[in-house]
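Observations on the three-dimensional arrangement
Take a look at the letters that make up each chain.
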Amino acid sequence: MGDLGRKIIPVEKTADPIISQIGDFRRYQLFFCGIIFLSKFGTGWHTLAHIFLAAPTELSCKTENVTNPCSKDCDEKEFDTSIFKSTIITEWDLTCDHKFLASLSQSIVMMGIMFGSMFFGMISDRFGRRPAFLGCCYMQLISGLIVSLSPYYWFYVVFRFLTAFATGGTMCTSFVLIMEIIGPKRRELVAILYQIPFNLGHASLPLFSYFIRTWRWFHFSITIFSAVFIIYICLVPESPRWLYTQGRLDESVKILEKIAKRNRAPTDTIRAEMDTAFKALAAKTPTKKGTMIDLFRTPYLRLKTICMVIDWIVVCMVYYGTSQYISKLGGDIFVNNAIGAALGVPGTLLCIVMTKYLGRRITMMITNAISGVALLALVFLIYSDMTIQVVCAVIGLFGASITFPNAYLWGGEIFPTVVRSNGLGLCSMFGRVGGLLAPFICDLSHFKPWITPLVFGAVSIIAVIGTIFLPETRGMPLPETLEDGETFGRKKEA
């Protein structure tokens, strides 16, 4: 009765009970991806806003016969406000002995993202994807608006941490929401395209900053966009897959029926088929879940885990670090950052083609090599024309923009199912450590300008070497057990 009057498009039946009801990727999934992707703009803005919040601002001394503004003899200092009317550096005098505080604030942001993704990941597993996702979206809005009102530095740091904490949760929960209603045929493509809104958020930061030259209004402008997330209350349902695994079958079926109607899929058999699938699920002997320690118990799985962790540390360090480093180079800060960030979009699209035809491993080696060669070349060109320096840094960032989505994709395939979440969680955690260190590595350029590109370039080459020991996963059945994880990719003995 429910399908009368509708043009019904049959759904291919698979081993997946959810996708068997709603289809692999139809109208509703496209619509759902579109609205969830909106949340990724904010993650790009808040993660990389530091580039303009703490933009380089020239400091001079107005005391007669004193040229060093950091000298004790300098009684009157003056910031150059010709480009930026105010930044957190001019607001709280984060110069001289307090210069490190600017970088510290960004490292704390990366720490917030790390802990936020872990916390909201646990919340989403325990209480559901929807409450966790809505909670971090609105927390991002409220704490972000409070940042714009910060009366002093440590207040700013605390609420930037809370904003980043929510941002980490948004990254985690939005990805899970999407992946749980998309079938395997389009899952790989969407997992890579998921990075595009982040790239666009990064690329739009120079535009915001160009027209808004005071840090408080700049931060307000990138935060207030989150007010549109009020629509999520009506448009984002709970994940039917999560409800199904929790035994809340009636709620899962109700949501699946609504999605099926939008997708013009049959609805009359959903209740019966879901009942049958759930009985089969309940009858299964629970599989023993692995732990993070299991990743290191056997030699080959241990080697793969260490090499994948290195790849994540490097890509986060190089991507976030080079993004910040470009702003410290001479030339137009807006143009330099706009070009570097905008290349992230074609970089992500290129990742789709490269991983499909070259595979994950060759792609990872090539893109890390691009970053490494470009940044090491910058070491020897550090005193050359500024345009050449910017080009080298931008090429390094472009390489990292291809590496980033590949790290997500490959990381999800290389670990066995029983420890896949633990493996990805470990990689993400260490990746944030790389992002946390990035601002301080950028600050090394104050001692010698070639140190920063040397570090970023060297670690990229180390990642190339580490990738050699990882197996290709393109077109391969994914490992399921710990035994599969140990033998997967190992060359067979003659």
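The text that follows walks through the structure, step by step, so that each part is easy to find. (Residues numbered from 1 in each chain as written. Predicted model: local features only at pLDDT ≥ 70, side-chain atom pairs only at ≥ 80, totals over all residues. Heavy atoms only, no water.)

Let's talk about the packing of helix H5 (residues 100-127) against helix H7 (residues 153-179)
To describe two helices that pack against each other, one gives the angle between their axes and the distance between the axes. Inclusion rule: Angles here are taken between N-to-C directions and fall from 0 to 180 degrees, while the axes themselves are lines fitted to C-alpha atoms, restricted in helices to the stretch in contact. Secondary structure elements follow DSSP: runs of H or I no shorter than four residues count as helices, runs of E no shorter than two count as strands, and numbering proceeds from the N terminus. Put simply, angles under 35 degrees are roughly parallel, angles over 145 are roughly antiparallel, angles from 65 to 115 are roughly perpendicular, and the rest are oblique. With the far helix as reference, a near helix turned anticlockwise by less than a right angle produces a left-handed crossing, and one turned clockwise produces a right-handed crossing. Residues were grouped as follows: Ala, Val, Leu, Ile, Met, Phe, Trp, Tyr, Cys and Pro as nonpolar; Asp, Glu, Lys and Arg as charged; and all remaining residues, including Gly, as polar.
Orientation of H5 relative to H7, taken along the N-to-C sense of each, is 40 degrees, at an axis distance of 6 Å. Judged on the interaxial angle alone, H7 and H5 are oblique. When you trace H5 past H7, the crossing you get is right-handed. Each residue belonging to the contact of H5 with H7 can be placed in one class, and the counts come to 20 nonpolar, ten polar and one charged.

Section: the environment of alanine 338
Locating alanine 338 in the fold gives a position in helix H16 (residues 333-342). As a C-alpha pair, alanine 338 and serine 174 span 164 residues in sequence and 26 Å in three-dimensional space.

Topic: the packing of aromatic side chains
Two aromatic rings are characterised by how far apart their centres lie and by the angle between their planes. For the record, the criterion: Under the pairing criterion, centres of Phe, Tyr and Trp rings, with the six-membered ring standing for Trp, must be within 6.5 Å; the plane angle then separates stacked pairs below 30 degrees from edge-to-face pairs above 60, leaving the rest tilted. Three labels apply to residues, based on accessible area from a 1.4 Å probe with only protein chains included: buried if under 20% of the type maximum, exposed if over 50%, partly exposed otherwise in between. Remark: a charge is flagged as sitting over a ring if the NZ atom of Lys or the CZ atom of Arg is within 6 Å of the ring centre and within 35 degrees of the ring normal.
Taken as a whole and assessed by the stated rule, the structure comprises 37 aromatic pairs. On the numbers, 6.0 Å between centres and 75 degrees between planes, the contact of tyrosine 320 with phenylalanine 404 is edge-to-face. Linking tyrosine 320 in helix H15 (residues 299-328) with phenylalanine 404 in helix H19 (residues 386-414), this pair joins segments that are 84 residues apart in sequence. Residue tyrosine 320 shares its accessibility class with phenylalanine 404, and that shared class is buried. Through successive ring pairs, a cluster of aromatic residues spans Phe37, Phe175, Tyr194, Phe198, Trp312, Tyr319, Tyr320, Phe404 and Tyr408. One residue, arginine 213, lies across the ring of tyrosine 210, its end atom 4.9 Å from the ring centre.

Focus: the nonpolar core
The condition is simple: The nonpolar core is taken to be a set of buried Ala, Val, Leu, Ile, Met, Phe, Trp, Tyr and Cys residues, with the residues joined through side-chain atoms within 4.5 Å.
Phe52, Ile88, Leu94, Tyr156, Met308, Tyr319 and Tyr320 are the most contacted members of the largest nonpolar core, which totals 75 residues. If one sorts the elements of this core by residue count, H15 sits on top with 13 residues. Ranked by size, the runner-up nonpolar core spans 36 residues in total, among them Cys33, Ile35, Ile178 and Leu256.

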